[in-house]
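# Structural overview for review
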Amino acid sequence: MNPTDHRSLAGVRVVDLSRALAGPYATMMLADVGADVLKVEPPAGDDSRGWLPFAVPGPDAAPGAEEESAYFLSANRGKRSVRLDLKSPEGAQRLRDLCADADVLVENYRPGLLARLGLDPASLRAANPRLVTLSITGFGSGGPDGTRPGFDQIVQAEAGLMSLTGDADGDPTRVGLPIADILAGMFGAFGVMSALHERETTGVGRAVETSLLAAVTSVHAFHGAGWLAGGRVPARTGNRHPSIAPYGTFRCADAALVIAVGSESLWRRFAAVVGIDPAREDVATNRDRVAHVDALQAEIDGLLSGRAADDVLAELQREGVPAGRIRSIPEVYDWEQVRHLGLVHELGHATLGQVAVPGGALRYDGSPAASSVPPPLLGQHEDLAWDRPWLDQQAVTGGAA
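Keep in mind the model is a prediction, meaning the values are calculated, not measured.

### Thoughts on the nonpolar core
Formed by 30 residues in total, the largest nonpolar core has its most connected members in Val14 and Val104. Per-element accounting of this core gives the leading share, 7 residues, to helix H8 (residues 179-202). Look past the residues within four positions of Val104 in its chain and what remains in contact with it is Val12, Arg13, Val14, Val15, Leu131, Val132, Val192 and Leu196. Leu266, Val274, Leu296 and Val321 belong to the second-largest nonpolar core, a separate cluster that totals 21 residues.

So, in structure tokens, the structure goes:
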């Protein structure tokens, strides 16, 4: 099932000054639900256009097509692209003109840079009080670290995420994808949506801010609360859950499974599958199991070591015990469930031909929602953009302005 265009934000005009991932992820979320997103790039383009890995032209590609950054493709569907040199008087004025008729401005410049150009969100909102602005920074505005540049892994480290990730006796480890960027983009898109809703009543936009630091810290969840409310310093537990047991990776004869025994009723069903007395004194309650987690892990691994993973998984599923395989990325995108949910989105790119990208996570009335507009080439829409910069709810096609 391929995603379909959802138009709840049709007519909302977004000027996207953001680069790399956090801001572009936010504006892609807005584009997926119908916003008209004009990506304003520096003359050399968004830095991520040069980042690995690259997508290669397909059999239906345009003649002479060259490879394109898959990184860029992953966060920029649904947008058009124009180039502006904001340091030039002409470029700065064009941006002001765009923002005068826009509903939303999204930027993730280092704090203070746009202000030096006279293009800071406050100045642009003074000229257009209905403008909603979203600023995404690394460490937030103001404060002793507000001017620091923020890259995902730096913030994963500084915001404590790496201290929670990895084996107990290993080094702190980053999450395997740029989760700080993505979380900041998601929070940013939510902030824009709430400000647009409020504007329906007040007629006035808001200055929305978030940061990679705020995004990661706000999802510390029980780890943060455990320290703030209980004085408990969380430790790395590898694939184990720090509060629930058994919960993690367990080895069968031919593969490992992830098993999550999150309640006492699940424990009794799981114990029957693997052959443990669930009422045994050392494992009778979750508190007991967490206290004896090393011995319990070794016992379960031993009991499963002679059994095929598929057989164990089938039996656990019959008993309603949550469990799953550890899939590679290729296996995920070959999975029928992922295809069914519309999480593989095929687009007609201007030069690459048909190209597949990860789909959107939302469904409306049972249908997945993601823009059918492919990620743009650099400056692809400049010919008409300055005469007719906004679409006024017209559909965009892959090669049209």
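On we go from here.
### Side note on the environment of Gly143
Position of Gly143 among the secondary structure elements: in the loop between strand S7 (132-137) and helix H6 (152-158). Gly143 gets classed as exposed once you look at its relative accessible area, which sits at 61%. On a C-alpha basis, the gap between Gly143 and Pro63 in space is 52 Å, while along the polypeptide they are 80 residues apart.

### Notes on the environment of Val338
If you trace the backbone, Val338 turns up in helix H16 (residues 336-340). As a C-alpha pair, Val338 and Pro358 span 20 residues in sequence and 10.0 Å in three-dimensional space.

### Digging into the sheet that holds strand S9 (residues 247-251)
Read from one edge of the open sheet, 3 strands run S9-S10-S11, paired in antiparallel fashion. Edge strands, defined here as strands with exactly one partner in the open sheet, are S9 and strand S11 (323-325). Taken over all neighbouring pairs, the strand axes of this sheet differ in orientation by 25° on average, direction set aside. One ladder, built from 3 bridges, connects strand S10 (residues 256-260) with S11; its direction is antiparallel. Counted as the bridge partner of Val258 is Gly324 from S11. Set on the sheet, helix H14 (residues 309-318) makes contact with S10 and S11; between it and S11 the angle comes to about 150°.

### Looking at the pattern of salt bridges
Side chains that differ in charge, positive against negative, can pair when their charged atoms come close. Evaluated as defined, the whole model comprises 16 salt bridges. With a shortest N-O distance of 2.8 Å, Arg77 and Asp32 are connected by a salt bridge. Of the two residues, Arg77 sits in the loop between helix H2 (70-73) and strand S5 (79-83) while Asp32 sits in helix H1 (residues 22-32), which places them 45 residues apart along the sequence. Judged on exposure class, the residue Arg77 and its partner Asp32 are both buried. The partner of Asp145 in a salt bridge is Arg148, and the shortest N-O contact between them spans 3.5 Å.

### Quick notes on the side chain of Asp32
Residue Asp32 is classed as buried on the basis of its relative accessible area of 7%. Side-chain polar atoms of Asp32 contact the side chain of Arg77, separated by 2.8 Å. Reaching out from Asp32, the side chain makes a polar contact with the backbone nitrogen of Ser371 at a distance of 2.8 Å.

### Description of the sheet that holds S7
The strand order across the open sheet built from 6 strands is S5-S2-S1-S6-S7-S8, with neighbouring strands paired in parallel fashion. Two strands close off the open sheet at either side, each with one partner strand: S5 and strand S8 (207-211). Strand-to-strand twist of the sheet, defined as the mean angle between neighbouring strand axes without regard to direction, takes the value 20°. Bridge count between strand S6 (residues 104-107) and S7: 4 bridges; the pairing is parallel. Across the sheet, Val106 pairs through a bridge with Leu134, a residue of S7. Running at roughly 165° to strand S1 (residues 13-16), H1 makes contact with S1, strand S2 (36-41), S5, S6 and S7 of the sheet.

### Concerning the packing of aromatic side chains
What the rule picks out here adds up to 2 aromatic pairs. A ring pair is formed by Trp51 and Tyr71, whose centres lie 5.0 Å apart and whose planes are at 90°; its orientation type is edge-to-face. In this pair, Trp51 is assigned in the loop between S2 and strand S3 (54-55) and Tyr71 in helix H2, connecting sequence segments 20 residues apart. By relative accessible area, which is 30% here, Trp51 ends up partly exposed. Classification of Tyr71 as partly exposed rests on a relative accessible area of 22%. The interplanar angle of 35° and the centroid separation of 6.2 Å between the aromatic rings of Trp267 and Phe270 together place this pair among those described as tilted.

### Concerning the pairing of S10
Of all the 5 residues making up S10, 4 are buried; the element is thus mostly covered by neighbouring parts of the structure. As paired elements, S9 and S10 share 5 bridges and run antiparallel to each other. If you follow Gly248 over to S10, its bridge partner there is Ile259. Connecting S9 to the antiparallel partner S10 that follows it, the hairpin turn spans 4 residues.

### Focus on helix H13 (residues 293-304)
In this model H13 runs 16 Å from its N-terminal to its C-terminal C-alpha over 12 residues, within 8% of the 16 Å that 1.5 Å per residue would give. Restricting attention to buried positions, one finds in H13 the residues Leu296, Gln297, Ile300 and Leu304. Across the axial projection of H13, the buried residues extend over an arc of 100°, all falling on one side. Turned more than 90 degrees away from the buried face of H13, the exposed residues are Asp294, Ala295 and Ala298. For H13, the elements touching its buried residues are S9, S10, helix H11 (264-274), helix H12 (286-291) and H14.

### Let's talk about unusual backbone geometry
That bond from Leu52 to Pro53 is cis: its omega, -5°, falls within 30 degrees of zero. Considering the arrangement of structural elements, one finds Pro53 in the loop between S2 and S3. Cis geometry is adopted by the peptide bond preceding Pro246, which originates at Ala245 and carries an omega value of -5°. Within the element layout of this structure, Pro246 appears in the loop between helix H10 (221-230) and S9. Phi angles above zero are rare outside glycine, and Asp365 is one such case at about 50°. Mapped onto the elements of the fold, Asp365 is located in the loop between strand S14 (363-364) and strand S15 (367-368). Here Asp365 falls in the exposed class, since its relative accessible area comes to 86%.

Reading the values: rules and limits
Residues numbered from 1 in each chain as written. Predicted model: local features only at pLDDT ≥ 70, side-chain atom pairs only at ≥ 80, totals over all residues. Heavy atoms only, no water. Core = buried A, V, L, I, M, F, W, Y, C linked by side-chain atoms within 4.5 Å. Buried < 20%, exposed > 50% of the residue type's maximum accessible area, 1.4 Å probe, protein only. Helix = DSSP H or I, 4+ residues; strand = E, 2+ residues; numbered from the N terminus. Contact = heavy atoms within 4.5 Å. Pairing = 2+ DSSP bridges. Axes fitted to C-alpha atoms, helices over the stretch in contact; angles between N-to-C directions. Salt bridge = Lys/Arg side-chain N within 4 Å of Asp/Glu carboxyl O. Polar contact = N/O pair within 3.5 Å; in protein donor to acceptor, adjacent residues only side chain to side chain. Phe/Tyr/Trp six-rings, centres within 6.5 Å; stacked < 30°, edge-to-face > 60°. Expected span 1.5 Å × (residues − 1). Arc of directions from axis to C-beta.

In short, geometric facts, not functional conclusions.
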